[in-house]
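Reading the structure
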Amino acid sequence: MIFASLISRPVRTLVSVLAVALEVTMILVIVGLTTGIAKESGRRIVGVGADILLQGPNSSYMLALSSGTLPVAIGGKVKSDVPGVKAVAPVLLQTNSQGGLDLVYGIDPVSFEAVGGPFHFLDGQMFSKPGEIVVDDLYARSKKLRPGARIELLSQTFTVSGIVENGKGARLFLPIGLAQEMTGAANKATLFYVKVDEGQDVDAVKTAIEKFLQGYKVTRMSDLMSQMAPSKIPGLEPFLRTVVFIAVAVGVLVIFLSMYTTITERTREIGILRSLGASKTYIVVLIFEESIVVCLLGVIVGVFASKMVAGTIVKVFPTLIVTMTAEWYLKAAGFALLSGIIGSFYPSLKAAKLDPIEALAYE
Amino acid sequence: MSKCRAILETVDLRKTYRLGDVDVEALRGVNLRIRETELAAIMGPSGCGKSTLMHLLGAMAKPTGGRVLINGRDIAMMNDGQRTEVRRKQIGFVFQKFNLLPILTARGNIEVARTIQGTARGDGHDEHLAELLRLLMIEDKMGRKPSKLSGGEQQRVAIARAVVNRPAILLADEPTGALDSKNSEIVLNMFRELNRKFKQTIILVTHNPELAAYTDRLIEMRDGLVVHDSNPVGDEEISTLVI
Ligand SMILES: Nc1ncnc2c1ncn2[C@@H]1O[C@H](COP(=O)(O)OP(=O)(O)OP(=O)(O)O)[C@@H](O)[C@H]1O
Ligand SMILES: [Mg+2]
């Protein structure tokens with residue numbers, strides 16, 4: 001009965017299924033994209049390989065990204081004066097907004113590798129001449145770069161000297177000296193990555209640094225990771241809630257319209273069922289079941305569509321990451337079914353309320 | 001005369017429709033008793049209240065006044081759910097316009113009735129259905145949609161659907177009204193057969209005087225009243241007490 005009804009109105013069924021699929025795709029891709037990017041930047045920071053992050057007073061990792069305010073010399077002091085510190089790497093952050101938003105690390109390769117281990121070069125080598133830059137593989141792929149290629153960044157032209165494996169904090173690396181020159185912040189850094197000696201208790205070293213540099217912000221990298229979780233990023237939760245709300249609203253409206261119009265179309269059919277002894281509940285359940293089937297088909301199509309869209313996004317923009325978790329598959333399916341139930345609520349009641357005799361007489 | 005049971009009884013049955021500020025009195029006090037296993041025909045001019053009476057006898061609507069007793073239970077006192085249950089368990093309808101579900105095959109239409117009535121499997125229902133289809137000569141048409149069946153065939157599928165669950169009463173409102181004379185005859189013969197073979201109680205509404213030949217009893221109506229009855233059920237004949 002349900003399938004016969006859906007098959008007998010193929011266009012309506014197809015459009016409803018596609019609308020629900022759109023709802024599912026919208027939720028999965030947008031949520032996947034935002035959480036993917038958030039997780040990826042978290043993963044990259046951990047990938048630096050440090051134990052402790054040292055920042056100036058009142059700074060946060062997410063905000064105020066580019067301000068060179070700390071004297072580089074502090075790093076050396078921490079290394080020599082605080083027991084248990086193995087290496088300290090100053091980093092001057094810059095954000096490049098030419099052709100996307102990218103984080104640029106100004107680093108001193110020796111201390112940076114002392115903290116996090118050596119870079120893994122896939123092609124070329126570390127910058128050595130003025131005007132050279134190192135990029136990661138994803139950035140290289142998205143901009144189709146090879147060593148020797150020239151790129152426009154931060155209103156300057158650079159030559160790519162090497163391509164490293166991604167996951168080391170940023171996608172672009174410059175000599176810290178050059179970065180200081182460009183920003184007019186001589187001998188300044190934005191933050192320091194700290195590595196503790198083998199077998200040292202990270203907490204103890206953190207406490208020691210806090211004592212040594214009163215008022216500075218000292219964070220364990222493992223704590224930072226949880227701060228970078230999508231739920232901690234300001235504005236992300238409301239944004240996702242809004243996306244889900246709009247998607248569900250689309251689903252509800254389409255299911256409502258689809259079911260509402262069929263009720264009028266099927267008045268006679270409902271009269272016939274009632275004359276055969278079908279109860280009001282039977283009619284309500286019939287309409288609900290039909291919309292649930294539409295939603296389930298929409299979920300299946302939507303999941304496949306999401307995978308395709310995600311695949312295409314990652315292919316076209318290699319620096320983007322779409323994370324679709326089992327949790328969100330279930331949530332998206334749940335929201336799709338919810339919109340089916342809300343959307344068919346009124347139509348099903350309207351159908352059940354029809355007078356059997358009038359419904360039978362309907363032309 | 002042997003005592004029998006009135007399976008269906010109306011007492012001073014009234015139905016008034018409100019059309020704007022005008023009251024249309026469709027039934028103005030109908031008293032009628034129908035015997036079990038009877039094949040009765042109701043005749044009368046257009047607008048005299050035949051369909052209205054059938055709807056009330058079939059628990060499709062509530063009377064404005066009086067009583068309708070189906071197997072001794074008054075549907076006037078029932079709510080929608082209870083009337084639905086009476087339709088499901090006791091009544092089979094056949095309409096002038098066949099009223100098959102166009103999206104389903106002939107078999108699908110019959111199955112829907114069985115699903116609604118909860119008799120889809122077992123209890124000899126399948127044998128009963130097979131016998132019915134043989135009697136109605138539509139066994140080989142079961143896979144077709146109504147649009148691929150002739151009017152006579154559609155009406156026979158509708159009859160099969162109406163009686164597949166062995167209702168106490170089969171109500172047919174102008175069942176041959178949309179059929180040519182040849183198909184009308186076939187369908188009327190089928191009612192006769194159903195009545196003889198399965199002892200099915202049947203009430204037919206018709207405009208066709210020839211139909212009288214097929215029935216045990218002719219009831220004539222006019223202006224919302226029964227004006228003639230060829231074989232009325234007297235009080236002395238009734239064995240069951242009506243509450
Ligand atoms: N829903 C309704 N609202 C208002 N008046 C109605 C309604 N249904 C029937 N009537 C009126 O009640 C009267 C009886 O109608 P009914 O349909 O029972 O007649 P009928 O004997 O079946 O006629 P026909 O032979 O043409 O089918 C008519 O005057 C009709 O106009
Ligand atoms: Mg009529």
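Here we summarise the structure given alongside this text. (Residues numbered from 1 in each chain as written. Chains lettered and ligands numbered in written order. Predicted model: local features only at pLDDT ≥ 70, side-chain atom pairs only at ≥ 80, totals over all residues. Heavy atoms only, no water.)

1. Side note on the pairing of strand β9 (residues 217-222) of chain B
Residue and element names in this part refer to chain B. Selection criterion: For two strands to be treated as a pair, DSSP must find no fewer than two bridges joining them. Under the DSSP-based scheme used, a helix requires at least four consecutive residues in state H or I and a strand at least two consecutive residues in state E, with every element numbered from the N terminus.
The sheet contact formed by strand β3 (residues 39-43) and β9 spans 4 bridges and is parallel. Across the sheet, the residue bridging to isoleucine 42 is isoleucine 219, located in β9. Inspection of the sheet shows β9 paired to strand β10 (residues 225-229) by 4 bridges, in the antiparallel sense. Residue pairing in the sheet places methionine 221 in a bridge with valine 226 of β10. Hairpin geometry of β9 and β10 is characterised by an intervening segment of 2 residues between the two adjacent antiparallel strands and by a positive phi of about 45° at aspartate 223.

2. Some remarks on the interface of chain B and chain A
For the record, the criterion: Whether two residues touch is decided by their heavy atoms; if any such pair falls within 4.5 Å, the residues are in contact. Once two parts are brought into contact, the accessible area they lose, counted with a 1.4 Å probe and summed over both, makes up the buried area. Salt bridge, as used here, is a side-chain nitrogen of Lys or Arg placed within 4 Å of a carboxyl oxygen of Asp or Glu. Nitrogen and oxygen atoms within 3.5 Å of one another constitute a polar contact, given that in protein one can donate a hydrogen and the other can accept it, and given that sequence-neighbouring residues count only through two side-chain atoms. The residue classification treats Ala, Val, Leu, Ile, Met, Phe, Trp, Tyr, Cys and Pro as nonpolar and Asp, Glu, Lys and Arg as charged. All others, Gly included, are polar.
The partner chain A presents 20 residues to the 20 residues of chain B that form the contact. Together, the buried faces of chain B and chain A total about 1900 Å²; carbon and sulfur atoms form 66% of this surface. On the chain B side of the interface with chain A, the three residues burying the most area are B:Met60, B:Ile103 and B:Ile116, jointly 31% of the side's total. Taken together, chain B and chain A are joined by 2 salt bridges. As a salt-bridge pair, A:Arg274 and B:Asp80 come within 3.0 Å of each other at their nearest N and O atoms. For the interface between chain B and chain A, the tally reads 7 residue pairs in polar contact (both at pLDDT 80 or more). Looking at the side of chain B that touches chain A, the elements that each hand over two or more residues are α2 (80-90) and α3 (106-116) of chain B. Top element by residues in the side of chain B that touches chain A is α2(B). It accounts for 4 residues. Tallied by class, residues from the side of chain B that touches chain A come to 11 nonpolar, 4 polar and 5 charged.

3. Comments concerning helix α4 (residues 109-116) of chain A
Here is the rule we go by: We call a residue buried when its accessible area falls under 20% of the maximum for its residue type, exposed when it is over 50%, and partly exposed in between, using a 1.4 Å probe and counting protein chains only.
Within the span of α4(A), buried status applies to A:Pro109, A:Ser111, A:Phe112 and A:Val115. Those residues of α4(A) that are buried lie in contact with β3 (85-96), β4 (102-107), β9 (172-175) and β11 (191-196) of chain A.

4. Some remarks on the environment of B:Ala41
All names here are of chain B. Relative to the helices and strands, alanine 41 is located in strand β3. Alanine 41 sits in the buried class, given a relative accessible area of 0%. What alanine 41 contacts, discounting residues up to four positions off in sequence, is Leu204, Leu211, Thr215, Arg217, Leu218 and Ile219.

5. A closer look at the sheet that holds β10(B)
Residue and element names in this part refer to chain B. This is how it is decided: To get an axis, fit a line to the C-alpha atoms, keeping to the stretch in contact for a helix; angles then go from 0 to 180 degrees between the N-to-C directions.
One open sheet holds the 6 strands; their spatial order is β6-β7-β8-β3-β9-β10, and the pairing between them is mixed. Sheet topology places β6 (91-94) and β10 at the edges, where each strand pairs with a single neighbour. Mean inter-strand twist for the sheet, computed between neighbouring axes without regard to direction, equals 20°. Along the sheet face, helix α1 (residues 50-57) touches β3, β6, β7 (169-173), β8 (201-205) and β9 and points at about 155° away from the line of β7. The strands touched by α2 within the sheet are β6 and β7, with β6 carrying the most contacts at an inclination of about 80°.

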